[in-house]
Amino acid sequence: MSSVVETVTELVMPILDEQHFELVEVEFVKEGKSWFLRVFIDKEGGIDIEECAFVSERLSEKLDAMDPDPIPQAYFLEVSSPGAERPLKKESDYEKAVGEYIHVSLYQPVDGSKMYEGFLEKLEAEELVLKIRIKTRETTVTIPRKNIAKARHAIQF
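Predicted, not measured: the structure shown is a model, and the values here were computed from it. (Residues numbered from 1 in each chain as written. Predicted model: local features only at pLDDT ≥ 70, side-chain atom pairs only at ≥ 80, totals over all residues. Heavy atoms only, no water.)

Trainee: Which residues make up the overall build of the chain, and what values do they have?
Mentor: Looking only at helices and strands, the chain features three helices and eight strands. Ordered by position in the sequence, the α and β elements of the chain form the string α-β-β-α-β-α-β-β-β-β-β. Here the chain holds 157 residues, and the buried ones make up 37% of them. By sequence separation, contacts in the chain at least 24 residues apart represent 52% of the contacts at least 6 residues apart. For the chain, the exposed area adds up to about 9700 Å²; of that, 51% sits on carbon and sulfur atoms. Distance between charge centres in the chain, computed from 20 positive and 31 negative side chains, equals 8 Å. (Helix = DSSP H or I, 4+ residues; strand = E, 2+ residues; numbered from the N terminus. Buried < 20%, exposed > 50% of the residue type's maximum accessible area, 1.4 Å probe, protein only. Contact = heavy atoms within 4.5 Å. Areas by Shrake-Rupley, 256 points an atom, 1.4 Å probe, with all protein chains shown as cover. Lys, Arg positive; Asp, Glu negative; His and termini not counted. Charge placed at Lys NZ, Arg CZ, Asp CG, Glu CD.)

Trainee: Kindly report on a negative patch on the surface, identifying the contributing residues and their values.
Mentor: Residues Glu57, Glu61, Asp64, Asp67 and Asp69 make up a contiguous surface patch of negative charge. Along the polypeptide, Glu61 turns up in helix α2 (residues 49-65). (Patch = residues over 30% accessible without salt bridge, like charges linked within 9 Å, V, L, I, M, F, W, Y side chains within 5 Å. Salt bridge = Lys/Arg side-chain N within 4 Å of Asp/Glu carboxyl O.)

Trainee: Could you give an account of the domain arrangement of the chain, naming the residues involved and the relevant values?
Mentor: Entries for the chain in the domain assignment read domain 1 (4-80) and domain 2 (87-153). Domain 1 and domain 2 are separated by 29 Å when their C-alpha centres are compared. Contact with domain 1, which involves four residues of that partner, is made by five residues of domain 2. Across the domain 1 to domain 2 interface the summed buried area is about 330 Å²; carbon plus sulfur atoms make up 34%. Among the residues domain 1 hides against domain 2, the three largest losses belong to Glu22, Val24 and Glu25. Together they make up 91% of the total. (Domains from an automatic or database assignment. Buried area = accessible area lost by both parts, 1.4 Å probe.)

Trainee: Outline the pattern of salt bridges, supporting the account with residue identities and numerical values.
Mentor: Under the criterion given, the structure shown has 15 salt bridges. Close ionic contact of Glu25 with Lys89 constitutes a salt bridge, the shortest N to O distance being 3.1 Å. Placement of the pair is Glu25 in strand β1 (residues 22-31) and Lys89 in the loop between β3 (76-80) and α3 (91-97), with a sequence separation of 64 residues. Across the pair Glu85 and Arg152 runs a salt bridge whose closest N-O atoms are separated by 3.4 Å. Here the residue Glu85 occupies a position in the loop between β3 and α3, and Arg152 occupies one in strand β8 (residues 148-153), the gap between them amounting to 67 residues. The exposure class assigned to Glu85 is partly exposed, which follows from its relative accessible area of 36%. One salt-bridge network, held together by shared partners, links Glu22, Asp42, Arg86, Lys90 and Asp93.

Trainee: Could you give an account of the UniProt feature "domain: Ribosome maturation factor RimP C-terminal" (unreviewed entry) in the chain, with specific residues and numbers?
Mentor: If you check UniProt for "domain: Ribosome maturation factor RimP C-terminal" (unreviewed entry), the listed places come out as residues 88-157 in our numbering. Regarding residues 88-157, the helix share stands at 10% and the strand share at 61%, and the terminal C-alpha atoms are separated by 20 Å. (UniProt positions renumbered as here; feature names shortened; annotations may be inferred.)

Trainee: Describe in detail helix α1 (residues 3-19), supporting the description with residues and values.
Mentor: Compared with an ideal rise of 1.5 Å per residue, which puts 17 residues at 24 Å, α1 spans 25 Å between its outermost C-alpha atoms and is within 8% of the ideal. Listed as buried for α1 are Val4, Val5, Val8, Leu11, Val12, Ile15 and Leu16. On its buried face, α1 is in contact with β1, β2 (34-42) and α2. A positive phi of about 65° marks His20, the residue just after α1. (Expected span 1.5 Å × (residues − 1).)

Trainee: Account for the pairing of strand β5 (residues 113-123), naming residues and giving values.
Mentor: Relative to β5, strand β4 (residues 101-110) runs antiparallel, the two being bridged by six bridges. Residue His103 lies in a different strand from β5, and its bridge partner there is Glu117. Across four bridges, the pairing between β5 and strand β6 (residues 127-134) is antiparallel. Bridge assignment links Lys122 to a residue of β6, and that residue is Val129. Where β5 folds back on β6, the antiparallel hairpin that results is connected by three residues. (Pairing = 2+ DSSP bridges.)

Structural data, given as structure tokens:
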């Protein structure tokens, strides 16, 4: 984790705890010529734009008050909801997703594929089981958790 992400995480947690919000993720990335500091937050029932603005203002005040500046380059601060395709990062995210439709990207192929979408049927310490559909047939695939590059909620079409 970068020092910017660590610093921002430390600064934003008291703000979120006070409001009973959850920190989903902090990222500091360069896109084109611009840097973006993104803070994804959530709460039971979802987060709204006023709550995002509140956290953005409070976090911005804390960042501006720091000396030396923890982020010397110019950047855009974005505080938002993780959206419908919320990433699964923590163990609690996976636990809440049991029975839900998810997308999983893998480091190495399992049964010939590096991407799967399906219902998270079973969650264990070393692996997870997805119920997937291949054309008109339903089957399951067992995925070693150490092989998961990224996982997120998905929208079923």
